[in-house]
Every structure is written in structure tokens, then in C-alpha cells.
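Spelled out, the chains give:
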2 protein chains.
Amino acid sequence: MIIDRLIDRIIELKNPTVVGLDPRIDYIPEDITKDAQNRYGNTSIAVKYALLAYNRGIIDAICDVVPAVKPQVAFYEQFGAEGMDAYFQTVSYAKAAGLIVIGDIKRSDIASTAEAYSDAHIGETDVFGQKMAFSDTDFITINPFLGADSIEPFLKNCKDFDKGLFILVKTSNKGSGDFQDLIVDGKHLYEICGEYVEKWGADFRGQHGYSSIGAVVGATHPEVAAKLRAQMPHTFFLVPGYGAQGGGAADIAASFDKNGLGAIVNNSRGIIAAYKTEKYKGMTYAEAARAAALDMKEDLGQAL
Amino acid sequence: MIIDRLIDRIIELKNPTVVGLDPRIDYIPEDITKDAQNRYGNTSIAVKYALLAYNRGIIDAICDVVPAVKPQVAFYEQFGAEGMDAYFQTVSYAKAAGLIVIGDIKRSDIASTAEAYSDAHIGETDVFGQKMAFSDTDFITINPFLGADSIEPFLKNCKDFDKGLFILVKTSNKGSGDFQDLIVDGKHLYEICGEYVEKWGADFRGQHGYSSIGAVVGATHPEVAAKLRAQMPHTFFLVPGYGAQGGGAADIAASFDKNGLGAIVNNSRGIIAAYKTEKYKGMTYAEAARAAALDMKEDLGQAL
């Protein structure tokens, strides 16, 4: 089961880190962007070339240090169809490098439409009678706002293709409380979401006791994370918000169980753009990404 | 202001219908799919060719009957990067035909990421220092679950580029109540969302009194629609769920104001695949789409 593969790899590498592949053009070293522009001009094809060259360098540098990467599709989609091609190619390259890939897509729609998203990212689409997989992401993030029937097409593909989900429960942003913290019959909305996620995940539990149907729980709310950790004993957490968004290693400890498992912590900018900071000055972007990933492993190891 | 352009066009055509461009391969006539396969084989390029040929036929047939179209991106995204190219080309073709285009993308993320989605669909992305618009949709749908700060990047582009939003308030699916109907301090969550949407839209009101920041309110819950119509006097509604999903013309009347304005009703399958039904037998798919759009205009006209 995919959740077991993720947890086994976390244990093997002693590192519950996922590297967010959220490339921005100003993160990409000038030798790559200049090469891309020389080849393809100021076009989205040049951007695709640059994004892929940059991502390949990071993936090669970190693939034996971290278990997983999480490309954020918005940073590819913003460059149109060529950007989406870069997204799908990044997923393939990362998988070929042995990484588990979490597609951060946060899709959601009514069931008949959700099925198309599910097929696109964790299933297969019918192309003139032939089934084709356009992405082969191991996990995707999804938004639960439309309710249980909107989740079912994703659960079906998780079963058929051994895939997993991370469903938004409590996001890392400041405004997350506007809706997620509202109180219904004495419970926060995030607790109610959490109950649904535990239930949806019941048929997907692996040998470590965790389900392939996980939850997104931000590092920026450690008290909420601790409460949800206790209430959702079978739900693995994807934890954004470490580093640039303000969450420290001590904050993320709340998302883990007593065995130091139960969560994977995302870091994007702090790893992929580490070479721009004083600490990693003089290194190439790939060397700095590797060094930052190793430093994060140590930071998390001390906190857990 | 974009909401005025939409309302003016609804008044001019006497037709508050938006045609959902949600193509499925089995809706596309065989002469188009065979031609595509002959040219490009069983590939996503052939799918793109077929989707575009099919959509062009529909757009040409309905562009003087309805004010707007709503491509649902999931039905393009499911074919990978080529599918996304078909989505963006469909948006361009529909705009060139004089239609207002509502991109049904239901995106949402934390602010720094939402900005990338916003730039992709209703703004401009920086490509090596040059601003490029990869899509030029007039409106997009978005999901509010992440809270006010996640909406701000979209509002900013609405202001800068004269665009609009339809924010999910009460969706048309059966499971919509799982979260949206929960009661917080005596109010349904959808009412609280509605209050936010009215507030977010305050700076975007046009000459008809409606804001470019609208709401999605399903036709399948007429009693909810009536309540929200009263509570959200400046918010224009995008109403899915008419036809195939079970909402009739009488149900949608609740979404309109006393002047017969205030909402636009979506129909996808009932128009784009009308030629497959007994009623429009013998017509081409384009002729049937036009006839079905005219029939829907009459149906809505009688109900309002």
C-alpha cells in the first residue's frame, strides 16, 4: 500500500521531509534561464525548459536524502499548457528517481467532474477506448468543501491504482480559521473534517496503522495539530508551513506520534532556493538543496 | 465592469444561460473523432484536435443565442498537457466569438500559491521579465475553504484586469450539505460564505447593482437559493444543476430577482450533447446545440 511505501522510506532515510518543488523563475540560476532564453526566446517553452532543468538538478541532489517531493501545480499552471507539461514531466522524472510524489493540486468538484480530476492525476483516462495515465502521482491533495460524494471518485482510484490522498483539514495560512475554525455543535469545522477523513481512510490502512487517506495539517497551528493527532490516530499528516511560513521544528512535533511517525513535513523555498541564503553561500543550487535537506533532517530529528 | 458586460448581454439576448463546455469523447460525433484519429492516432494530440473541432462547432452555433460559455477545466486536464492546451484554446476561441467566458476551475490555495492560479487564469505571469496572459477568462470559479487571505490575490487581479469570480457558496451536488449546511451560531455555513462574498464584492459593484464577485448557488436547492438571493442582494449567482442534475426552470426562479436578473443558469450536457436525445434527432450536434439553447431560453423565460 502506498502509505506503507512512504512510511518505510521515511524510516529507511530517517527523514520525514518532503521537498516542495514550487519553482519560481527568480529561484532559477541565471545560467539555466539564459540557456533557456538563448534556445527558445521569451516563451513558455523556454520556461518549461528552465523549470525542468532546475527541477532535475534538485531531484538528483536530494533523491537519496528525502523520501518524497511535492510539486505545487499552480507554479506550473501559471505558464499555461507548456507549464502543465513541465508539471507532468517533473512528476515522471521524480518517480524515475525513486521518489514518492505528492501532487499538490487541491482539486475538488462535484462527483462527475471530480472523476475527471481523479483520472487525470491518480488514474487513467479513456482515449478513444484506450486507457492512458497522464500523471502517475502517488498522492494528491484535495479540498473537501463539496462533501463526501465529491471525494468518492478519488477514493475509488486510490483503491484501483493504490494511490493516496491528503485532504485539507487545517491549512497553514493565517486566514485558515475563517471557515475551518468555525464551531459546529461544540466542534471546530476542522475536527469535523478530520472525522470524515478518518472514516474515508478506514479501508486504506496499512501495516503501520496509518491510512493512505491522509490530511493536510499546517505546522503553523501546533495546538490544533496536537488535538488532531490524538483524534485521528490512523491519519497520516502532510504538514506545510515549516520554514518560510513560520513553523519551526518544535511546532511540527505536535503532528507526530510517540514513535516519531505519523507525518511528513514540507519545505519548499528553504530547500530549492537555499543557495540564495547566507548559510549556503558559495554552493551551487543543487549542492545547497542537498545541504539544506540534510540540515532539515537533523532539525526534525532533534525535535522528534 | 465585467459584470455589467455580462448583464447587458443577458438583457440584449433575453437569455440568462451559460453553456457548459464539458466535452466527453463519447459526446463527440464519430466523423470528428475518426478524423482526429486518422490524423494523429490514439494520442492526446488527437484528443485535443477532436475537442477543439467539437467545441468550435458548438461555439459557432450558439454564440448569438447565449451570452456566455463555461468550460470545465477538469474535462481538459484529464488529457494532460495537450488537454490543457485545448482548454486555453477553447477560452480564446469563445472570446473571439464574442462570448463571455467563465473558467470553471474551482482553484484555491494559500495566498502565495493562489496568486499563481490567479495570474494563470485572470491575470498575467512574468516570463523572464515580460508579462504574458496565458488565459484571458472573464470569470473563474474558486473555492473559499482556505479563508479570506486565500481570496485576496484573485480580488487583486479582478481589480487590475477587470475580471470576476464566482465563489462556491452552495454547490449543486447531493453531498454539498456535509459541510456547507452545518450550522454555526444559528447560521448555515453557506450563509456565512455568502456574507463573505457580499463583503468581498463591495468594491466591484456595477451599474445594475450587482458585483463582479459572484457566487455559485446550485439549482438543486431552490429554498436555499431563495434565502441567499434575499441575503446577497448585490451578488450575481452562477447556477449549476439545471437539466441533467435535476433542477427545473421553476427551481431556478428562486435565484433571480424581481426584475428577472441576478443569475445565469448553466447547462452542459443538455446543450452540447442534445443531438443524442430523441427530441433533437436528425440534427447535427451543432444544430441540436443551437435548438436546445433556444428551447432553454424559452423555458427560462416562462419561469421568470
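Nothing here was measured: the structure is a model prediction, and the numbers come from that model.

## Some remarks on the side chain of Asn15(A)
Residues and elements named next belong to chain A.
Line of reasoning, step 1. By secondary structure assignment, the location of Asn15 is in the loop between helix H1 (2–13) and strand S1 (17–21).
Line of reasoning, step 2. Among the polar contacts made by the side chain of Asn15, one reaches the side chain of Thr17 at a distance of 2.7 Å.
Line of reasoning, step 3. Within the local environment of Asn15, its side chain forms a polar contact with the backbone oxygen of Val65, the two atoms lying 2.9 Å apart.
Line of reasoning, step 4. When near neighbours in sequence (up to four residues on either side) are disregarded, Asn15 contacts Ile10, Val65, Val66, Pro67, Ala293, Lys297 and Leu300.

## Overview of the interface of chain A and chain B
Line of reasoning, step 1. Between chain A and chain B, the contact holds 70 residues from the first and 70 residues from the second.
Line of reasoning, step 2. Around 5700 Å² of area is buried between chain A and chain B when both sides are counted, 65% of it from carbon and sulfur atoms.
Line of reasoning, step 3. The three residues of chain A that bury the most area against chain B are Phe128(A), Phe145(A) and Phe179(A), which together make up 17% of that side's buried surface.
Line of reasoning, step 4. For the pair chain A and chain B, the number of links is four salt bridges.
Line of reasoning, step 5. Across the pair Arg107(B) and Glu77(A) runs a salt bridge, and its minimum N-O distance is 3.0 Å.
Line of reasoning, step 6. Where chain A meets chain B, there are 29 residue pairs in polar contact (both at pLDDT 80 or more).

## Regarding the side chain of Ser255(A)
Line of reasoning, step 1. Structurally, Ser255(A) can be placed in the loop between helix H11 (249–252) and strand S12 (263–267).
Line of reasoning, step 2. If near-sequence neighbours (up to four positions away) are discounted, Ser255(A) is found in contact with Ala225(A), Arg229(A), Phe237(A), Val239(A), Gly262(A) and Ala263(A).

## What to know about the pairing of strand S6 (residues 139–142) of chain A
All names here are of chain A.
Line of reasoning, step 1. Residues of S6 alternate between two faces, with Phe139 and Thr141 on one and Ile140 and Ile142 on the opposite face, all of them buried.
Line of reasoning, step 2. Bridge count for S6 against strand S7 (residues 164–170) is four bridges, and the pairing is parallel. Looking across to S7, one finds that Phe139 is bridged to Gly164.

## Here's the deal with the layout of surface pockets
Line of reasoning, step 1. Taken as a whole, the largest pocket encloses approximately 560 Å³ of empty space.
Line of reasoning, step 2. What lines the largest pocket is a set of 30 residues, and nearest its centre among them are Ile110(A), Ser112(A), Thr113(A), Ser172(B) and Gln245(B).
Line of reasoning, step 3. For the lining of the largest pocket, the secondary structure elements donating two or more residues are helix H6 (111–122) of chain A together with strand S3 (100–107), strand S12 (263–267) and helix H12 (269–272) of chain B.
Line of reasoning, step 4. Its residues assigned to classes, the lining of the largest pocket comprises eight nonpolar, 13 polar and nine charged.
Line of reasoning, step 5. Size it by volume and the second largest pocket reaches roughly 470 Å³.

## Quick look at unusual backbone geometry
Line of reasoning, step 1. Notably, Lys106(A) is not glycine yet its phi reads approximately 45 degrees, a positive angle.
Line of reasoning, step 2. In this structure, Lys106(A) sits in strand S3 (residues 100–107).
Line of reasoning, step 3. Positive phi, normally seen in glycine, also occurs at Asp162(B), with a value near 50 degrees.
Line of reasoning, step 4. Position of Asp162(B) relative to the elements: it lies in the loop between helix H7 (148–161) and strand S7 (164–170).

## Observations regarding the sheet that holds S3(A)
Residue and element names in this part refer to chain A.
Line of reasoning, step 1. Reading around the circumference, S1-S2-S3-S6-S7-S10-S11-S12 is the order of the eight strands in this closed barrel, with parallel pairing throughout. Averaged over all pairs of adjacent strands, the angle between their axes in this sheet comes to 30 degrees, without regard to strand direction.
Line of reasoning, step 2. Pairing of strand S11 (residues 235–239) with S12, which is carried by three bridges, proceeds in the parallel orientation. Opposite Leu238, over in S12, you have Ile264 as the bridge partner.
Line of reasoning, step 3. Of the strands in this sheet, S6, S7 and strand S10 (211–217) touch helix H7 (residues 148–161), which is tilted by about 145 degrees from S7.
Line of reasoning, step 4. Of the strands in this sheet, S1 and S12 touch helix H13 (residues 285–303), which is tilted by about 140 degrees from S12.

## A closer look at the packing of helix H2 (residues 30–40) of chain A against helix H3 (residues 44–62) of chain A
All names here are of chain A.
Line of reasoning, step 1. Axis separation between H2 and H3 bottoms out at 8 Å; the angle between their running directions is 145 degrees. Regarding H2 and H3, the two cross each other, and that crossing is right-handed. Residues Ile32, Asp35, Ala36, Gln37, Arg39 and Tyr40 of H2 form the contact with H3, whose own contacting residues are Ile45, Ala46, Tyr49, Ala50, Ala53 and Tyr54.
Line of reasoning, step 2. Here the contact of H2 with H3 is composed, by residue class, of nine nonpolar, one polar and two charged.

## What about the nonpolar core?
One recurring pattern in soluble globular proteins: nonpolar side chains tend to sit buried together.
Line of reasoning, step 1. Ranked by internal contacts, the top residues of the largest apolar core, which has 234 residues, are Leu6(A), Leu165(A), Trp200(A), Leu6(B), Leu165(B) and Trp200(B).
Line of reasoning, step 2. If we skip the residues at most four places from it in the chain, Leu165(B) touches Ile122(B), Phe139(B), Ile140(B), Ile142(B), Ile151(B), Phe154(B), Leu155(B), Cys158(B), Ser212(B), Ile213(B) and Gly214(B).

## Observations concerning the relation of the copies chain A and chain B
Line of reasoning, step 1. Overlaying chain A with chain B gives an RMSD of 0.0 Å, the required rotation being 180 degrees about an axis along which the chain moves by 0.0 Å. On this basis, the relationship between the two copies can be described by a two-fold rotation axis.
Line of reasoning, step 2. Looking at chain A, 100% of its interface residues are interface residues in chain B too, so the copies touch through the same face.

## Some details on the packing of helix H5 (residues 80–96) of chain A against helix H5 (residues 80–96) of chain B
Line of reasoning, step 1. The interhelical angle for the contact between H5(A) and H5(B), taken along N-to-C directions, is 160 degrees, at an axis separation of 8 Å. Comparing the axis directions of H5(A) and H5(B) gives the class roughly antiparallel. Seen from above, H5(A) lies across H5(B) with right-handed handedness. Along its contact with H5(A), which presents Gly80(A), Ala81(A), Met84(A), Asp85(A) and Phe88(A), the element H5(B) presents Gly80(B), Ala81(B), Met84(B), Asp85(B) and Phe88(B).
Line of reasoning, step 2. Partitioning the contact of H5(A) with H5(B) into residue classes produces six nonpolar, two polar and two charged.

What counts and how
Residues numbered from 1 in each chain as written. Chains lettered and ligands numbered in written order. Predicted model: local features only at pLDDT ≥ 70, side-chain atom pairs only at ≥ 80, totals over all residues. Heavy atoms only, no water. Helix = DSSP H or I, 4+ residues; strand = E, 2+ residues; numbered from the N terminus. Polar contact = N/O pair within 3.5 Å; in protein donor to acceptor, adjacent residues only side chain to side chain. Contact = heavy atoms within 4.5 Å. Buried area = accessible area lost by both parts, 1.4 Å probe. Salt bridge = Lys/Arg side-chain N within 4 Å of Asp/Glu carboxyl O. Buried < 20%, exposed > 50% of the residue type's maximum accessible area, 1.4 Å probe, protein only. Pairing = 2+ DSSP bridges. 1 Å grid on protein atoms, 1.4 Å probe; cavity = no way out; pocket = protein on both sides within 12 Å on 5 of 7 lines; lining within 4 Å. Points joined across faces, edges and corners; volume = space filled by probe spheres on them. Nonpolar A, V, L, I, M, F, W, Y, C, P; charged D, E, K, R; others polar. Axes fitted to C-alpha atoms, helices over the stretch in contact; angles between N-to-C directions. Left-handed = near helix turned anticlockwise from the far one by under 90°. Core = buried A, V, L, I, M, F, W, Y, C linked by side-chain atoms within 4.5 Å. Least-squares fit on C-alpha atoms with pLDDT ≥ 70 in both. Parallel < 35°, antiparallel > 145°, perpendicular 65-115°, else oblique.

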